[in-house]
Structure formats: C-alpha cells, structure tokens
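Structure at a glance
Below are the chains, spelled out letter by letter.
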Amino acid sequence: MVVWRLAAVAAAAAMIGGKEAPKAPAPPQPYLGAALPDTYKILPPAPIAGTTRYEADRTAFLETRRFKDTPRWAMARNDDSSAGIIKDLSCAIGVELTGKNAPKTIALIFRTRTDVSRATNHPKDIYKRQRPYLIDEGPICVDRTEGLAKSPDYPSGHNTWAWTVGLILAELAPDRATEILSRARAFGDSRLVCGVHNLSAVEAGRLNGSIVVAALHGSSEFRKDMDVARKEIAAARQAGPAPDPAMCAEEAKLVAEPLL
C-alpha cells in the first residue's frame, strides 16, 4: 500500500437496528486529474546501487540515527501523521486553522490530496525504491509494518504533501511565508530523521510538491478557491487566539536544527 493512494472513503455497510448505516460522502473531485503533469518524466530518476546518490542516501540514513530519543525524534514521530500538518503549521501561520474558523481553506487543501497522491504514486510504482531501513540496519521512529515496507520510497509522499500545503499556505499568508515554508521543510525532513525515507526521496518530494502547486495555478477553480481562502485566513488570524509563544519558540529551535 502506497502512503498517498487514496481509497474510497465509504466503509462496508453496517447493520444498525436493522437499517443500513448511512454511507460516508465520496472524496471531492481533484482539481487537476488527468491534467496533472507526468511527474515521473520530470523528477530525476531514483538512485541505483553503485552511484554517488545511492551512497549519499545510505550515509544520510546512518548519520541521522543519532536523533533517536531526542526532541527532534519526537517531532518526527509527530510528523508521521500527514493529516496533522495544518495543526503543525499553527505556530508558523500564527493561528490554528480548523474546520470552524477556516472551512473553505481546509476543504481546498484536502481537495489537493488526490492530485498529490497521483503525483507521488506514479513514480513510486515505477521505481520501487526500497526504504532506507530495509537496506541498512538502524532504528526508525514508527512501527515496521508490512504496509510501510511494501510502500516504495521515491519520491516521499509525506514531503510532497508537506511542500504542497506549505506553498499554498505561504501564498495565502505571504507575511508568514518564511515561517510556513521552514516548518513545511522540517515536516519533510522528519521522514529522514524517522528513517523511513532516503535523502533523495525527501528532496524529490519538494520538487514533486512544487510541480503540483505550479499545475494547480492553471486551474481557474483552484484560483477562485484561493481567493476565498485568503480572506478566510486573514479573518482567522485576526480573531486568534495565537499559539503558545513558548511552545512555538521550542518548535522553532528544532526546525532550525541541522540534520547532516
């Protein structure tokens, strides 16, 4: 199972009091669909054994095992939840965006997930690059599940998603772009700290996200939704409350910490 392959939301029907439970709504239609660029043809090829990039991936994995049980390791564990990125960007934006104070923004962002999934899974399925912990021994920050092992490494789906969301929110709150993109970058770097993605996969995820966002701007529907979201975020930031300053200061230290 690939991390970003979106299955149908509706679960199997359950019988409650002799009646069929209501079905969950279908996921929204993607902005791009078939209009999404072929990221397999744009991204550099995944590294192969015997090359400089392949050995750099191995070195990066082994050197970052030193983060085990540190605060940066804890951040990486937190960042494993891809759905939590909007909450994780609260310090960077200056307010926590929720379905209550920013419903249109949340809907816009999660509507891009199908496009992000397609941009990620197509090259993943072709390259079938192994995750680093399957090549070299070392701890990882999540459970070693069969699903994770079967999900190819290159490019990183988490980082494609993080960079896509970061670029969108940086455009919606340009005065906070530095903070937003720094945290989005760290969200992707957490995959390297966690030991579940190679350095090349993390870097390719940022390029992949940039491709998705560039293509999204060709959609008039996306641009229209962005106009609505921009006003919504401005109102949410004005209404507050702002996140805890002490917590945000600690997070900023971890974001600034060099990995390699």
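Anything mentioned here points back to the structure above.
Residues numbered from 1 in each chain as written. Predicted model: local features only at pLDDT ≥ 70, side-chain atom pairs only at ≥ 80, totals over all residues. Heavy atoms only, no water.

Comments concerning the overall build of the chain
Operational definition: Secondary structure elements are defined from DSSP: runs of H or I of at least 4 residues count as helices, runs of E of at least 2 residues count as strands, and each element is numbered from the N terminus. Relative accessibility thresholds used throughout: buried, under 20% of the residue-type maximum; exposed, over 50%; partly exposed, between the two (1.4 Å probe, protein chains only). For this analysis, residues touch if any pair of their heavy atoms sits within 4.5 Å. Method for areas: the Shrake-Rupley scheme with a 1.4 Å probe, in which residue coverage is limited to the protein chains shown.
A count of helices and strands for the chain gives 13 helices and 2 strands. Taken over 260 residues, the chain has a buried fraction of 48%. Considering only contacts in the chain between residues 6 or more positions apart, those separated by 24 or more positions represent 83%. Taken as a whole, the chain presents about 12,600 Å² of accessible surface, with 58% of it coming from carbon and sulfur.

Focus: the state of the cysteines
What counts here: In this description, a disulfide is simply a cysteine sulfur pair whose atoms lie within 2.5 Å.
All chains considered together, the criterion is met by 2 disulfides. The disulfide that involves Cys91 links it to Cys248, with 2.1 Å between the sulfurs. Taking the sign of the S-S torsion, about -80° here, the bridge from Cys91 to Cys248 comes out left-handed. Of this pair, Cys91 sits in helix H5 (residues 90-93) while Cys248 sits in helix H13 (residues 245-256), and the two are 157 residues apart along the sequence. Covalently, Cys141 is tied to Cys194 through a disulfide, its sulfur atoms 2.0 Å apart. The sign of the S-S torsion, about -95°, decides the handedness of the disulfide formed by Cys141 and Cys194: left-handed. With a gap of 53 residues between them, Cys141 in the loop between helix H7 (113-127) and helix H8 (146-150) and Cys194 in helix H10 (residues 177-194) connect regions that are remote in the sequence. Judged by its relative accessible area of 3%, Cys141 falls in the buried class. Residue classification places Cys194 among the buried residues on the basis of a relative accessible area of 0%. Cysteines bonded in the chain are numbered consecutively along the chain; their disulfide partners then correspond to 1-4, 2-3.

Some points on the nonpolar core
Heads up, the condition is: Here, nonpolar core means buried Ala, Val, Leu, Ile, Met, Phe, Trp, Tyr and Cys residues that are tied together by side-chain atoms lying within 4.5 Å of each other.
Among the nonpolar cores identified, the biggest contains 36 residues, and Leu97, Ile168 and Leu169 are the most heavily contacted of them. If one sorts the elements of this core by residue count, helix H9 (residues 157-172) sits on top with 7 residues. Ignoring anything within four residues of it in the chain, the contact list for Leu97 reads Ile86, Ala102, Thr105, Ile106, Leu169, Ile233 and Ala236.

A closer look at the packing of aromatic side chains
Heads up, the condition is: Note on ring pairs: Phe, Tyr and Trp rings are taken, using the six-membered ring of Trp, and paired if centres are within 6.5 Å. Classes follow the plane angle, with under 30 degrees stacked, over 60 edge-to-face and the rest tilted.
Evaluation of the coordinates by the stated rule reveals 4 aromatic pairs. Seen from their ring centres, Tyr31 and Phe222 are 5.3 Å apart, and the 85° between their planes marks the pair as edge-to-face. Taken together, the residues span a long stretch of sequence, with Tyr31 in the loop between strand S2 (19-20) and helix H1 (39-42) and Phe222 in helix H12 (residues 220-239) at a distance of 191 residues. Neither Tyr31 nor Phe222 differs from the other in exposure class; each is buried. Relative to Tyr154, the ring of Tyr127 lies with its centre 5.7 Å away and its plane at 85°, an arrangement referred to as edge-to-face. A residue pair is termed long-range when its members are at least 10 positions apart, and Tyr127 in helix H7 and Tyr154 in the loop between H8 and H9 qualify at 27 residues.

Digging into the packing of helix H6 (residues 103-111) against H12
Helices that pack against each other are described as a pair by the angle of their axes relative to one another and the distance between those axes. Defined as follows: To define axes, lines are fitted to C-alpha atoms, for helices over the stretch in contact only, and angles between the resulting N-to-C directions are given on a 0 to 180 degree scale. Each angle gets one of four labels, with under 35 degrees taken as roughly parallel, over 145 as roughly antiparallel, 65 to 115 as roughly perpendicular, and the rest as oblique. In this scheme the handedness of a crossing depends on how the near helix is turned from the far one: anticlockwise by less than a right angle means left-handed, clockwise means right-handed. Gly is put with the polar residues, along with every residue not named as nonpolar or charged; the nonpolar set is Ala, Val, Leu, Ile, Met, Phe, Trp, Tyr, Cys and Pro, and the charged set is Asp, Glu, Lys and Arg.
Direction vectors running N to C along H6 and H12 enclose 140°, while the axes themselves pass 8 Å from each other. As far as their axial angle goes, H12 and H6 are oblique. Here the hand of the crossing between H6 and H12 comes out left-handed. Between H6, through Pro103, Lys104, Thr105, Leu108 and Arg111, and H12, the contact on the second element is made entirely by Glu221, Phe222, Asp225, Met226, Val228, Ala229, Glu232 and Ile233. Considering only residue class, the contact of H6 with H12 consists of 7 nonpolar, 1 polar and 5 charged.

Remarks on the pattern of salt bridges
Test applied: One side-chain nitrogen of Lys or Arg within 4 Å of one carboxyl oxygen of Asp or Glu is enough to make a salt bridge.
Counted according to the given criterion, the structure contains 18 salt bridges. We note a salt bridge from Asp69 to Lys68, for which the minimum N-O separation is 3.0 Å. Lys68 sits in the partly exposed class, given a relative accessible area of 38%. Lys253 is the partner of Glu250 in a salt bridge, and the nearest nitrogen-oxygen pair spans 3.6 Å. Note that Glu250 and Lys253 are positioned in helix H13 at a spacing of 3 residues, about one turn of the helix. Overall, Glu250 belongs to the partly exposed group, its relative accessible area being 48%.

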